[in-house]
Amino acid sequence: MQMHNFNSGPSVLPQKVLVQASESIINFNNLGLSILEIGHRTSWFIDVLTEARLLIKELMQLGDEHEVLFLQGGATTQFMQVPMNLLDDGETAAYCDNGIWGSKAIKEAKIFGNVNVVASSKDKQHSYIPKDFAVPADAKYLHYTTNNTVEGTEWHCIPETSVPLVADMSSDIFSHPMDFKRFGLIYAGAQKNMGAAGVTIVVVKKDLLGKIKRPIPNILDYRVHIEAESLLNTPPVFAIYVSLLTLRWIKEEGGLEVMEKRSIERAELFYNTLDSLPLFTPLVVKEDRSLMNATFTIKDEALENEFLALCKQNGMVGIKGHRSVGGLRVSMYNALPLSSVQALCDLMTDFNDRNS
């Protein structure tokens, strides 16, 4: 049975990447060694790390003012590491609260300084993106989550502000072109659009660092990681290698412009179907719907469970909503074929016709 992978993360990977990664587990670059065995300070792995770093800069069109780091701990660690490095005692950072991950980031930032929540969608269960808000000029930075994986909302423009921008791009990074130069710091877990679980990408503008007074443990200091070229401690070698393969695939397929075109095709097909079926209820206002994660419900819980069972029978995995909100969710990342979305839409249409 063909499988259709709608998991929100770890998520679908390109078939070509899976084949290359599996071959390298047995014999990496014809060395007679597995990628799982090579030393992280050998020239073999340094070449992987260097190429991956350069590809990220190329896809983002960034220069020497930004540095790329490959770290561990997921985006969750970055909720703490960002304010530890950028927010001094008594200073204030601006945050947007548009869902569970933004809320978690706010909680961690309060440990290190003051937090001004300048925009929140909590009043309507995070079903929209606030657009009319002001950021104080003295804020150290503005933090927001570009795509809210759990709630199914996405920022379709970059907030206008004079302060440095910090963005959690875990679930929509490399899915479309944008002016990455406008960001002071970007972080993202790799396990959605750019690889396997285990590595976190941080892209930081170097002149933001070194401005706070508090001591920072070496393992959490971006400056130390920059100096060590992401080799301060043993990195997740295999996860970084899979990210390299995925970045190569994105470039070979035509870059971020092609990724965006495909994202729009998948999302339009799915949302047009969703809106046409009265049995299903979308949860997000149209203008703020995510191209990556579509959230919806069936009002009858018994029918929802029946639909999920039917999806499973047809090889469609990952459609149950996040445990914190329930409902249904379809994740449509870069490597998801349009044919999988079409198969799901056909199943939804048939289910609607039989139960309406």
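Before any of the text, the structure's been laid out above.
A brief report on the enclosed structure follows.

The rules behind each value
- Residues numbered from 1 in each chain as written.
- Predicted model: local features only at pLDDT ≥ 70, side-chain atom pairs only at ≥ 80, totals over all residues.
- Heavy atoms only, no water.
- Helix = DSSP H or I, 4+ residues; strand = E, 2+ residues; numbered from the N terminus.
- Expected span 1.5 Å × (residues − 1).
- Buried < 20%, exposed > 50% of the residue type's maximum accessible area, 1.4 Å probe, protein only.
- Arc of directions from axis to C-beta.
- Contact = heavy atoms within 4.5 Å.
- Polar contact = N/O pair within 3.5 Å; in protein donor to acceptor, adjacent residues only side chain to side chain.
- Salt bridge = Lys/Arg side-chain N within 4 Å of Asp/Glu carboxyl O.
- Patch = residues over 30% accessible without salt bridge, like charges linked within 9 Å, V, L, I, M, F, W, Y side chains within 5 Å.
- Areas by Shrake-Rupley, 256 points an atom, 1.4 Å probe, with all protein chains shown as cover.
- Core = buried A, V, L, I, M, F, W, Y, C linked by side-chain atoms within 4.5 Å.
- Pairing = 2+ DSSP bridges.
- Axes fitted to C-alpha atoms, helices over the stretch in contact; angles between N-to-C directions.

**Some remarks on helix H8 (residues 301-313)**
Move 1: Compared with an ideal rise of 1.5 Å per residue, which puts 13 residues at 18 Å, H8 spans 18 Å between its outermost C-alpha atoms and is within 8% of the ideal.
Move 2: Every buried residue belonging to H8 is among Leu303, Glu304, Phe307, Leu308, Leu310 and Cys311, and all of these are buried. All buried residues of H8 project into a common sector of 160° when viewed along the axis, lining one side. Counted as exposed and oriented over 90 degrees from the buried face of H8: Glu301, Ala302, Lys312 and Gln313.
Move 3: Considering only its buried residues, H8 is in contact with strand E11 (280-282), strand E12 (293-298), strand E13 (316-317), strand E14 (328-331) and helix H9 (338-355).
Move 4: Two to three positions downstream of the cap, the backbone nitrogen of Ala302 sits 2.9 Å from a side-chain oxygen, assigning the N-cap of H8 to Asp300.
Move 5: In the stretch just after H8, Gly315 is the one whose phi turns positive, near 75°.

**Quick notes on the side chain of Ser175**
Move 1: With respect to the helices and strands, the residue Ser175 is situated in the loop between strand E8 (165-168) and strand E9 (183-189).
Move 2: Within the structure, the side chain of Ser175 is placed 2.6 Å from the backbone oxygen of Asp172, a separation counted as a polar contact.
Move 3: If near-sequence neighbours (up to four positions away) are discounted, Ser175 is found in contact with Asn193, Leu256, Met259, Glu260, Ser263, Met292 and Asn334.

**Here we look at the pattern of salt bridges**
Move 1: Summed over all chains, the structure comprises 14 salt bridges.
Move 2: One salt bridge connects Arg214 with Asp89, and the closest N-O pair in it is separated by 3.2 Å. Taken as a pair, Arg214 in the loop between strand E10 (200-205) and helix H5 (222-227) and Asp89 in the loop between helix H3 (74-86) and strand E3 (92-97) lie far apart in primary sequence, 125 residues in all.
Move 3: The closest approach of N and O atoms between Arg289 and Asp275, which form a salt bridge, is 2.9 Å. Of this pair, Arg289 sits in the loop between E11 and E12 while Asp275 sits in helix H7 (residues 256-276); the two residues are 14 residues apart in sequence, bridging distant segments of the chain.
Move 4: Within this structure, Asp275, Lys286 and Arg289 form a network of salt bridges that share partners.

**A few points about a nonpolar patch on the surface**
Move 1: On the surface, Ile25, Ile26 and Leu36 cluster together to form a nonpolar patch covering roughly 300 Å² of accessible area.
Move 2: By the secondary structure assignment, Leu36 is in the loop between helix H1 (15-26) and helix H2 (43-60).
Move 3: Taking the relative accessible area as the measure of exposure, Leu36 reaches 55% and is therefore exposed.

**Considerations on the nonpolar core**
Move 1: Membership of the largest hydrophobic core comes to 57 residues, with the highest contact counts inside it found for Ile56, Met60, Phe70 and Phe174.
Move 2: When residues in this core are grouped by element, the largest group, ten residues, is from helix H6 (residues 237-253).
Move 3: Beyond its immediate chain neighbours, meaning those up to four positions away, Met60 contacts Ile173, Phe174, Phe180, Ile186 and Val203.
Move 4: If you look at the next biggest cluster of nonpolar residues, it comprises 32 residues, including Leu308, Cys311, Ile319 and Ala335.

**Side note on the sheet that holds strand E2 (residues 66-71)**
The strands that make up a sheet are held in pairs by hydrogen bonds between backbone atoms, and each pair lies either parallel or antiparallel.
Move 1: Taking strand neighbours across the sheet as the criterion, the seven strands line up as E2-E10-E9-E8-E5-E3-E4 in an open arrangement whose pairing is mixed. The strands lining the two open edges of the sheet, one partner per strand, are E2 and strand E4 (114-120). Taking each pair of neighbouring strands and ignoring which way they run, the sheet shows an average axis angle of 20°.
Move 2: Contacts from helix H4 (residues 100-109) reach E3, E4, strand E5 (142-145) and E8 within the one sheet, and its direction differs from that of E3 by about 160°.

**Observations concerning unusual backbone geometry**
Move 1: That bond from Gly9 to Pro10 is cis: its omega, -5°, falls within 30 degrees of zero.
Move 2: Relative to the helices and strands, Pro10 resides in the loop between strand E1 (4-5) and H1.
Move 3: Positioned with a positive phi, Asn29 is a non-glycine residue whose angle comes to about 50°.
Move 4: If you trace the backbone, Asn29 turns up in the loop between H1 and H2.
Move 5: Backbone geometry places Gln125, a non-glycine residue, at a positive phi of 55°.
Move 6: Turning to its location among the elements, Gln125 is positioned in the loop between E4 and E5.

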